[in-house]
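# Observations on the model geometry
Here is what each chain is made of, one letter per residue.
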Amino acid sequence: MQKGGEKAMTQFNNQYRYLAQITIEATTPLQIGSGEKGIKTDSLVIRDVNELPFIPGTTLAGLIAHALGKEKENLMGNLQEGSRLIVTEAKLLDKYGKVMDGLVDFSKVSKEDASFLKQYERLPIRQHVRISHKGTAKDTGKFDEEVILKGSRFCFELELISAKDESKQFDELLNIIQSPTFRIGSGGRSGFGSIKVVKCLYRALDLAKESDLNLYLEKSSSLSTVWEGWQPANEKLKVQTFCDGWTSYRLKDLSPEDFVLFGSGFGDPEGQADMAYVRETTIQWNAEGTSAEVNDIDKTILIPGSSVKGALSHRTAFYYNKLTDAVIKEDGTLLNGKTIEEVTGKNNIAVKAIFGSEGKKNLETNKMEDKQRGNILISDVIEIKEQTKAKVLNHVSIDRFTGGAIDGALFNEQTLYAKGEKFNIDIMIADEALIDENVKNAFESALKDIASGMLPLGGGVNRGNGVFNGKVIKYNKEKEQWEELA
């Protein structure tokens, strides 16, 4: 009898199962790289057997482990014990909110759904260029990458295996995914990867109970198969606007003076301009989340987070150098005794503290050293604005001697006229990056320059584009309210 009793205890040694099915929506584009290059881009998005984008379970597990910090070994194992947390792949939802898991027979897909899914065949390609302190492109600083559409929804599941009641720990796990600092994919510090949880289903099972055991055995591993055991988990999710350890800023009610140009890197599709503003398809879901539509690309305004970040980085360096007397004297040396290379780019202390650094290459070991991850979180702004209009502006460089056009200097650009429109750009900085008062003051001065029109954003700023006006507000954690930055 004793041996039989021991068997029963062994059988239900990990008798508890905590399950959650989570549906997330990309509030900015996602960059989930496959590690491969394509004919048109340096970085292709990873795709499943149906050639649809998906988020690997390893990506989600890694992000959760990083967010857990010291607690990750308790849930996700170590060299002696395997992970107790199971994370599935996140699969794309179709037009009607059905999870596209397993091999899909597209011949049975409706015309409306097929048209919707066709948007994922040719995803947008974002152009990037790294600018030096001299205002020119850095060597090897030009690259592009494929991104997943804003508004795309994905579904995945979590399962926690436990020998005891860990309901509170599982609730905390769910709230990690709800946090504003939880970014998926690459480019999380440059505008990509922001998500929101739109649906969360939950169930706790005790496999020592026959009813729970049967229910658990009936559950399919396919995300597209509806399981009857789910319960709503809305009360378990805390809506988090602000996070401990982070300082929140907002560029509020930014309004363009007239034209803005965030370049696509190409001409416009109609062939009217040599340079055109970036256009991206976005997905819009109805209030019930039962149907999605593709937004009008011509009415979409995109302010890339990477563009704002780049401008802030250079202006922050300027103000930090001013505050620390890194000023060039008449003889070309700096007042504080440092060289120009030591106070510009990634070597600038404020830039490194807030925006990070890829480090320096050790020529002996051929490895990058002194790397630092950025301490800034900024999101792309992609909004539908009905009143915006495209405008083609012609430019020509004149030969002052002949009065005629210089050969090859005639070009035109397609900008957006967005005067009167208002935008909000949220920025979060890790508190550890703002310990140095000079770093904090330099960054806040750069923010105020954007809001006062002194720091234009985008392309063609020397031709009058990209001037914004608004105000900078900062969240006061003690008073729990927004306050305008003095």
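To start, this report covers the structure provided alongside it. Predicted, not measured: the structure shown is a model, and the values here were computed from it.

## Some remarks on the overall build of the protein
When helices and strands are counted, the protein shows nine helices and 23 strands. Once the C-alpha set of the protein is aligned to its principal axes, its extents read approximately 105 × 60 × 50 Å. By the burial criterion, 46% of the 486 residues in the protein qualify as buried. Considering only residue pairs separated by 6 or more positions, the protein has 70% of its internal contacts joining residues 24 or more positions apart. When the accessible surface of the protein is totalled, it reaches about 26,000 Å², and 49% of it is carbon and sulfur. If the 63 positive side-chain charges of the protein are averaged to one point and the 71 negative ones to another, these points end up 1 Å apart.

## What to know about the nonpolar core
Ranked by internal contacts, the top residues of the largest apolar core, which has 53 residues, are Ile22 and Leu158. Not counting residues within four places of it along the chain, the set of residues in contact with Leu158 comprises Tyr18, Leu19, Ala20, Ile22, Ile64, Leu85, Ile86, Val87, Phe170, Leu173, Leu174 and Ile177. Grouped together as the second largest cluster of nonpolar side chains are 46 residues, Val260, Ala353, Ile376 and Ile450 included.

## Let's talk about the pattern of salt bridges
Applying the stated criterion to the full structure yields 18 salt bridges. With its nearest N and O atoms 3.6 Å apart, the salt bridge here joins Arg47 to Glu146. With Arg47 in the loop between β1 (16–26) and α2 (57–68) and Glu146 in strand β5 (residues 137–146), this pair connects stretches of sequence that are 99 residues apart. Exposure remark for Arg47: the relative accessible area of 21% places this residue in the partly exposed category. Among the salt bridges present, the one from Glu383 reaches Lys385, with a minimum N-O distance of 3.1 Å. When its relative accessible area of 14% is taken as the criterion, Lys385 is described as buried.

Reading the values: rules and limits
Residues numbered from 1 in each chain as written. Predicted model: local features only at pLDDT ≥ 70, side-chain atom pairs only at ≥ 80, totals over all residues. Heavy atoms only, no water. Helix = DSSP H or I, 4+ residues; strand = E, 2+ residues; numbered from the N terminus. Buried < 20%, exposed > 50% of the residue type's maximum accessible area, 1.4 Å probe, protein only. Contact = heavy atoms within 4.5 Å. Areas by Shrake-Rupley, 256 points an atom, 1.4 Å probe, with all protein chains shown as cover. Lys, Arg positive; Asp, Glu negative; His and termini not counted. Charge placed at Lys NZ, Arg CZ, Asp CG, Glu CD. Core = buried A, V, L, I, M, F, W, Y, C linked by side-chain atoms within 4.5 Å. Salt bridge = Lys/Arg side-chain N within 4 Å of Asp/Glu carboxyl O.

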